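These are the residues of each chain, in order.
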Amino acid sequence: MHRYFEVNGGGHNIRCKLYYNDLKKIRRCILFCHGFGGHKDNSAAEKFAQRLLTKHPSCCLVTFNLPGNGDDVKKKLNLADCLEYLGLVAEFVGEKYAPEGLYCYATSFGGYLTLKYIHDHGSPFRRIALRCPAVNMYEVLTAAIIGPEEQALLEKGKDISAGFDRKVLIGSAFPEDLREQDIRKLDFLDFAEDILILQGTADEVVPFDDVHRFAEDQLMEFLPVEKADHRFRHPGTMEAAIKAMLEFFDL
């Protein structure tokens, strides 16, 4: 089952989605943070929730829209709001749905945000699984998401719509914030033993070698997934990733 709800705070209205079996029996929660241009009705999150709830009825999974994504009320994506959204939702669902532990599953840009958040604020999560995290998010944005013409518009102070299947409105401040806040320069060693990184060997958006190098530098557990592209669409790759994440979460 699922239901929609909202988290409000700091002037934000965050639209969320809860996957669950029995509201009265929820003891642990996994918070899912989607990538650039994603939304709370993410198909990867739904697939994970189906597997999770089949075997662990006392768990739940919560997704939410990042600013300017999906049917979020904000028109534009910016980094500060993203981090505020993540913190507000983590606090809310941690108190309401996770008396025995809050976990995190984040993908791509969501992986970048999760790492940036725990570095700046500490980690509210017992364990974190990152699938194809965009640890080099500035390069991902400028090399794989937007082209030269769009970059030229940003340099002129214009807003642009960027993304793959779904477009997100960004301004010139967004890439500049990403460039200045390069998480590869930060220290995550205090969190490393509680983080698993899964990276597809055929990822066409976030280069495999960049993520592998980051995991090695930070002493994080790293699991390469053969033939997996950025969205893990190759047969069997998403199933393998879900299995590995559930094991890492001790579920």
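Residues numbered from 1 in each chain as written. Predicted model: local features only at pLDDT ≥ 70, side-chain atom pairs only at ≥ 80, totals over all residues. Heavy atoms only, no water.

Trainee: I keep staring at the layout of surface pockets and nothing clicks. Help me out?
Mentor: Unfilled space is identified by rolling a water-sized probe across the atoms. Of the pockets and cavities examined, the largest pocket occupies roughly 560 Å³. In this structure, the largest pocket is lined by 25 residues; those nearest its centre are Phe36, Gly38, Asn42, Ser43 and Arg231. Looking at the lining of the largest pocket, the elements with two or more residues in it are helix 1 (43–55) and helix 4 (137–145). If you tally residues by element for the lining of the largest pocket, the top one is helix 1, at three residues. The residue inventory of the lining of the largest pocket, partitioned by class, reads nine nonpolar, ten polar and six charged. Of the pockets and cavities examined, the second largest pocket occupies roughly 150 Å³. (1 Å grid on protein atoms, 1.4 Å probe; cavity = no way out; pocket = protein on both sides within 12 Å on 5 of 7 lines; lining within 4 Å. Points joined across faces, edges and corners; volume = space filled by probe spheres on them. Helix = DSSP H or I, 4+ residues; strand = E, 2+ residues; numbered from the N terminus. Nonpolar A, V, L, I, M, F, W, Y, C, P; charged D, E, K, R; others polar.)

Trainee: What is the right way to read the sheet that holds strand 9 (residues 195–200) from this model?
Mentor: Sheets are built from strands paired through backbone hydrogen bonds, the pairs being either parallel or antiparallel. Pairing is mixed in the open sheet, where eight strands are placed in the order 1-2-4-3-5-6-9-10. Single-partner strands in this sheet number two, and they are strand 1 (2–9) and strand 10 (221–225). Strand-to-strand twist across the sheet, computed as the mean angle between neighbouring axes with direction ignored, equals 20 degrees. Across the face of the sheet, helix 1 comes into contact with strand 2 (12–19), strand 3 (28–33), strand 4 (59–64), strand 5 (102–107) and strand 6 (128–131) while running at roughly 170 degrees to strand 4. Packed on one face of the sheet, helix 3 (residues 109–121) meets strand 3, strand 5, strand 6 and strand 9 and runs near 135 degrees to strand 5. (Pairing = 2+ DSSP bridges. Axes fitted to C-alpha atoms, helices over the stretch in contact; angles between N-to-C directions. Contact = heavy atoms within 4.5 Å.)

Trainee: When you look at helix 2 (residues 79–97) in this model, what are you seeing that I'm missing?
Mentor: An α-helical segment advances 3.6 residues per turn. Residues three or four places apart therefore align on the same side. Taking 1.5 Å per residue, 19 residues should reach 27 Å; helix 2 reaches 26 Å between its end C-alpha atoms and fits that length. Every buried residue belonging to helix 2 is among Leu79, Asp81, Cys82, Leu83, Tyr85, Leu86, Gly87, Val89, Ala90, Val93, Gly94 and Tyr97, and all of these are buried. The N-cap of helix 2, judged by a side-chain oxygen 3.2 Å from the amide nitrogen of alanine 80 a few residues on, is asparagine 78. (Expected span 1.5 Å × (residues − 1). Buried < 20%, exposed > 50% of the residue type's maximum accessible area, 1.4 Å probe, protein only. Polar contact = N/O pair within 3.5 Å; in protein donor to acceptor, adjacent residues only side chain to side chain.)

Trainee: Is there a simple way to think about unusual backbone geometry in this case?
Mentor: Backbone geometry follows two general trends: most residues other than glycine have a negative phi, and most peptide bonds adopt the trans configuration. Despite not being glycine, leucine 219 shows a phi value in the positive range, around 60 degrees. Of note in this structure, lysine 227 is not a glycine but carries a positive phi near 70 degrees. Structurally, lysine 227 can be placed in the loop between strand 10 and helix 8 (237–248).

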